Amino acid sequence: MGFTTGSAPPVDPENLYSMPYLERIKILSRFWAEHGFGSPRIFHLIYIVKLVFLYVLGGYLIASLTAGFNPLRPSAFWTEPIFYQKLIPWTVLLEVLGVAGSWSPLAGHFTPFTGGSRTHARVDTIREPPWARVVPLRRAGEVAMTTTGPAGACPGRETAVPEGVLS
């Protein structure tokens, strides 16, 4: 496995389904245990850099500067509750934006790497809105937010679910 290239299981794709089931499980489970799903190592590096810079360093600076502390003197505020109270909205913000905990191909997100609010607000998908009969403007077939781009509406399609199917 390379830094920028992934690795595949040591099987011939044409002959995989002709092998006995237990043999396939043996080969593929050993590969999964030793290599994960074969992702390039650069994904691991991106994930670690994201955690260190975006979450730890960004959260540290946001929490210390907005609370009026000097970020170069952590001994003056590391026991102050306000510092940790400011880390909570930072964590929530990163989760809502979709760049926090479960992110990238390491978590099974391939395109786009980012989920969060873009995934929930996707137009023309088959999903049941939460509390569709109680919350206004959240009926089946209606969308409260619209997006553009790869996660946005599909041109030429009025709706993915015919009216009345989910209601």
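One structure accompanies this document, and this report is about it. (Residues numbered from 1 in each chain as written. Predicted model: local features only at pLDDT ≥ 70, side-chain atom pairs only at ≥ 80, totals over all residues. Heavy atoms only, no water.)

**Looking at the overall build of the protein chain**
Link 1 in the chain: Looking only at helices and strands, one finds four helices and zero strands in the protein chain.
Link 2 in the chain: The buried share among the 167 residues of the protein chain stands at 21%.
Link 3 in the chain: Long-range contacts, defined here as pairs at least 24 residues apart, represent 50% of the contacts in the protein chain between residues at least 6 apart.
Link 4 in the chain: Only carbon and sulfur atoms are counted for the fraction: they give 66% of the accessible area of the protein chain, which is about 11,600 Å². (Helix = DSSP H or I, 4+ residues; strand = E, 2+ residues; numbered from the N terminus. Buried < 20%, exposed > 50% of the residue type's maximum accessible area, 1.4 Å probe, protein only. Contact = heavy atoms within 4.5 Å. Areas by Shrake-Rupley, 256 points an atom, 1.4 Å probe, with all protein chains shown as cover.)

**Observations concerning the environment of Ser64**
Link 1 in the chain: Relative to the elements of secondary structure, Ser64 occurs in helix α2 (residues 41-66).
Link 2 in the chain: In this structure the C-alpha to C-alpha distance between Ser64 and Pro74, which are 10 residues apart in sequence, comes to 8.5 Å.
Link 3 in the chain: In this view, Ser64 contacts Phe69, Pro71, Phe77 and Phe83; residues no more than four positions away in its chain are not counted.
Link 4 in the chain: At a separation of 2.8 Å, a polar atom in the side chain of Ser64 contacts the main-chain carbonyl oxygen of Tyr60. (Polar contact = N/O pair within 3.5 Å; in protein donor to acceptor, adjacent residues only side chain to side chain.)

**Quick notes on a nonpolar patch on the surface**
Link 1 in the chain: Together, Phe3, Leu45, Ile48, Val49, Val52, Phe53, Leu57, Leu61 and Leu65 give the surface a local cluster of nonpolar side chains, amounting to about 810 Å² of exposed area.
Link 2 in the chain: Within the element layout of this structure, Val52 appears in helix α2.
Link 3 in the chain: Taking relative accessible area as the criterion, Val52 reaches 42% and is therefore assigned partly exposed. (Patch = residues over 30% accessible without salt bridge, like charges linked within 9 Å, V, L, I, M, F, W, Y side chains within 5 Å. Salt bridge = Lys/Arg side-chain N within 4 Å of Asp/Glu carboxyl O.)

**Thoughts on the packing of aromatic side chains**
Link 1 in the chain: One pass over the structure, following the stated rule, counts five aromatic pairs.
Link 2 in the chain: Residues Tyr60 and Phe77 carry aromatic rings whose centres are separated by 5.9 Å and whose planes lie at 40° to one another, so their mutual orientation is tilted. Remark: Phe77 occurs in the loop between α2 and α3 (81-97) and Tyr60 occurs in helix α2; sequence separation between them is 17 residues.
Link 3 in the chain: Here the aromatic rings of Phe69 and Phe77 are separated by 5.0 Å at their centres, their planes lie at 15°, and the arrangement is stacked.
Link 4 in the chain: The rings of Tyr60, Phe69, Phe77, Phe83 and Tyr84 are connected pair by pair, giving a single aromatic cluster.
Link 5 in the chain: Lying across the ring of Tyr47, Lys50 places its NZ or CZ 4.7 Å from the centre. (Phe/Tyr/Trp six-rings, centres within 6.5 Å; stacked < 30°, edge-to-face > 60°. Lys NZ or Arg CZ within 6 Å of the ring centre and 35° of its normal.)

**Describing α2**
Residues that lie three or four places apart on an α-helix share one face, since the helix turns once every 3.6 residues.
Link 1 in the chain: End to end, α2 covers 36 Å across 26 residues, agreeing with the expected 38 Å (1.5 Å per residue, within 8%).
Link 2 in the chain: The largest bend in α2 is about 30°, located at Gly58.
Link 3 in the chain: Every buried residue of α2 is listed here: Phe43, Tyr47, Lys50, Gly58, Gly59, Ala63 and Ser64.
Link 4 in the chain: Here the buried face of α2 lies against α3. (Expected span 1.5 Å × (residues − 1). Bend = angle between axes of the 7 residues up to and from the residue.)

**Quick look at the environment of Thr66**
Link 1 in the chain: Looking at where Thr66 falls in the secondary structure, it is placed in helix α2.
Link 2 in the chain: Thr66 sits 17 residues away from Phe83 along the chain, and the two C-alpha atoms are 8.8 Å apart.

Function cannot be read off these values alone, since they describe shape.
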